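Listed here are the chains, written in short residue letters.
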Amino acid sequence: MRSFAILAAAALLLNGCQTVSDVFSEPEPNIGPCPTALSLYDAHRIVEFEDGIVAYDNVGFTGEILGVRSLCSYYGERPIIANLELDMAFGRGPAAQGDSHVYEYFVAVTRRDIAVIEKQVFPISIRFQPGEDRVYLTETIDAISIPRATAETSGVNFEILTGFELTPEQLAFNRSGQRFRVSAGQD
C-alpha cells in the first residue's frame, strides 16, 4: 500500500493540478469529430521546369502529396489539438541539377469555407542517392492547435489544408490539367 501512495504522490507532483483520478483514468472520448484534413487539389503537386519550358526533357524536381491523415483530441474548453501525417513523393527529372533539393509545403488551419486562421510553411530537404530518381516519405506535424470559441465548438467547423508553395506559373500548370507525376517516364 505504501508504494501505491508514493506512486500517487509522484503522479500528483508530475502532473501539477491533476487529481489522482485524472492521472489513472482512461482519456475521455472526443466530444466531436476531428477537422477535415486534406491537400488542396491546385497545390498538391509541384513540377519545376528548366527555363520555364513545359516539356518532359525540361522536368527538374517534382513533388506530390499522396495522402493526408489526422488525429485530434479535445480537452475541455482548450483548443483542439491535431496531429498530421503527410505521405509525400519526390522525383528527380531529366533536367534536375544536383542530388538534393529543398521543397516548401504549407499547413493551414481554416474556418471551414470562410477564412485562414493560421498558416505555416515548412521546408523539407530531400537527398537523392546515386541512381535514385524517387523518394517516398511520411512527414509528421504534431500539436496543431485549433482555437474554439466554446467547449461546444466542434472540429467540423474547421479544416486543415496542405499543399506546396507554388509560383504563379506552377499554379497555372497545375490548374491547366497537365501532369508530370513523380514517376513520369519510369517503369
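The structure under discussion appears in the preceding block.
What you are looking at is a predicted structure, and each value in this text was computed from that prediction instead of being measured.

Chemist: Describe the packing of aromatic side chains, naming the residues involved and giving the relevant values.
Modeler: Following the criterion strictly, the structure yields 6 aromatic pairs and no others. Pairing Phe90 with Phe164 gives two aromatic rings, centres 6.4 Å apart and planes at 85 degrees, and the pair type is edge-to-face. With Phe90 in strand E4 (residues 80-92) and Phe164 in strand E8 (residues 158-164), the pair connects residues that are 74 residues apart, well separated along the chain. Between the aromatic rings of Tyr103 and Phe164, the centroid separation amounts to 6.4 Å while the plane-to-plane angle is 55 degrees, which identifies the pairing as tilted. Linking Tyr103 in strand E5 (residues 100-111) with Phe164 in strand E8, this pair joins segments that are 61 residues apart in sequence. For Tyr103, a relative accessible area of 2% corresponds to the buried category. With a relative accessible area of 2%, Phe164 lands in the buried category. Ring pairs connect the aromatic residues Phe90, Tyr103 and Phe164, which therefore count as one cluster. The side chain of Arg111 reaches across the aromatic face of Phe158, ending 5.6 Å from its centre. Lying over the aromatic face of Phe106, Lys119 brings its terminal NZ or CZ to 4.8 Å of the ring centre.

Chemist: Give a description of the side chain of Thr162 that names residues and reports values.
Modeler: Along the chain, Thr162 turns up in strand E8. Under the relative-accessibility criterion, Thr162 is labelled buried at 0%. Non-local contacts of Thr162, meaning those with residues more than four positions away in its chain, are made with Leu38, Ser39, Leu40, Ile65, Val68, Leu84, Leu86, Phe106 and Val107.

Chemist: Can you tell me about unusual backbone geometry, naming the residues and giving the values?
Modeler: Non-glycine residue Asp113 carries a positive phi angle of around 60 degrees. Mapping Asp113 onto the fold places it in the loop between E5 and strand E6 (115-127).

Chemist: So what's going on with the pattern of salt bridges? Residues and values would help.
Modeler: Inspection of every chain in the model, using the stated rule, returns 6 salt bridges. One salt bridge connects Arg69 with Asp87, and the closest N-O pair in it is separated by 2.5 Å. With Arg69 in strand E3 (residues 59-73) and Asp87 in strand E4, this pair connects stretches of sequence that are 18 residues apart. Taking the shortest distance from any N to any O, the salt bridge between Asp133 and Arg134 comes out at 3.3 Å. Note on Asp133: relative accessible area 21%, which makes it partly exposed. Each of Arg69, Glu85 and Asp87 takes part in salt bridges that share partners, so that together they form one network.

Chemist: Can you lay out the state of the cysteines for me, pointing to particular residues and giving the numbers?
Modeler: Summed over the entire model, instances satisfying the criterion amount to 1 disulfide. At a sulfur-sulfur separation of 2.1 Å, the disulfide partner of Cys34 is Cys72. The S-S bond linking Cys34 to Cys72 shows a torsion near -100 degrees; that makes this disulfide left-handed. One end of the pair, Cys34, is in the loop between helix H2 (20-24) and strand E1 (36-39); the other, Cys72, is in strand E3, and 38 residues separate them in sequence. What makes Cys34 partly exposed here is its relative accessible area of 28%.

Chemist: Outline the sheet that holds E6, listing residues and values.
Modeler: Read across the sheet, 4 strands follow the order E1-E8-E5-E6 without closing on themselves; strand pairing throughout is mixed. Sheet topology places E1 and E6 at the edges, where each strand pairs with a single neighbour. Averaged over all pairs of adjacent strands, the angle between strand axes in this sheet comes to 20 degrees, irrespective of strand direction. Where E5 lies against E6, 12 bridges are found, and the strand directions are antiparallel. Looking at E6, one finds that Val109 is bridged to Glu118.

Reading guide: rules and limits
- Residues numbered from 1 in each chain as written.
- Predicted model: local features only at pLDDT ≥ 70, side-chain atom pairs only at ≥ 80, totals over all residues.
- Heavy atoms only, no water.
- Phe/Tyr/Trp six-rings, centres within 6.5 Å; stacked < 30°, edge-to-face > 60°.
- Helix = DSSP H or I, 4+ residues; strand = E, 2+ residues; numbered from the N terminus.
- Buried < 20%, exposed > 50% of the residue type's maximum accessible area, 1.4 Å probe, protein only.
- Lys NZ or Arg CZ within 6 Å of the ring centre and 35° of its normal.
- Contact = heavy atoms within 4.5 Å.
- Salt bridge = Lys/Arg side-chain N within 4 Å of Asp/Glu carboxyl O.
- Disulfide = S-S within 2.5 Å.
- Pairing = 2+ DSSP bridges.
- Axes fitted to C-alpha atoms, helices over the stretch in contact; angles between N-to-C directions.

These figures come from the coordinates and say nothing about function on their own.
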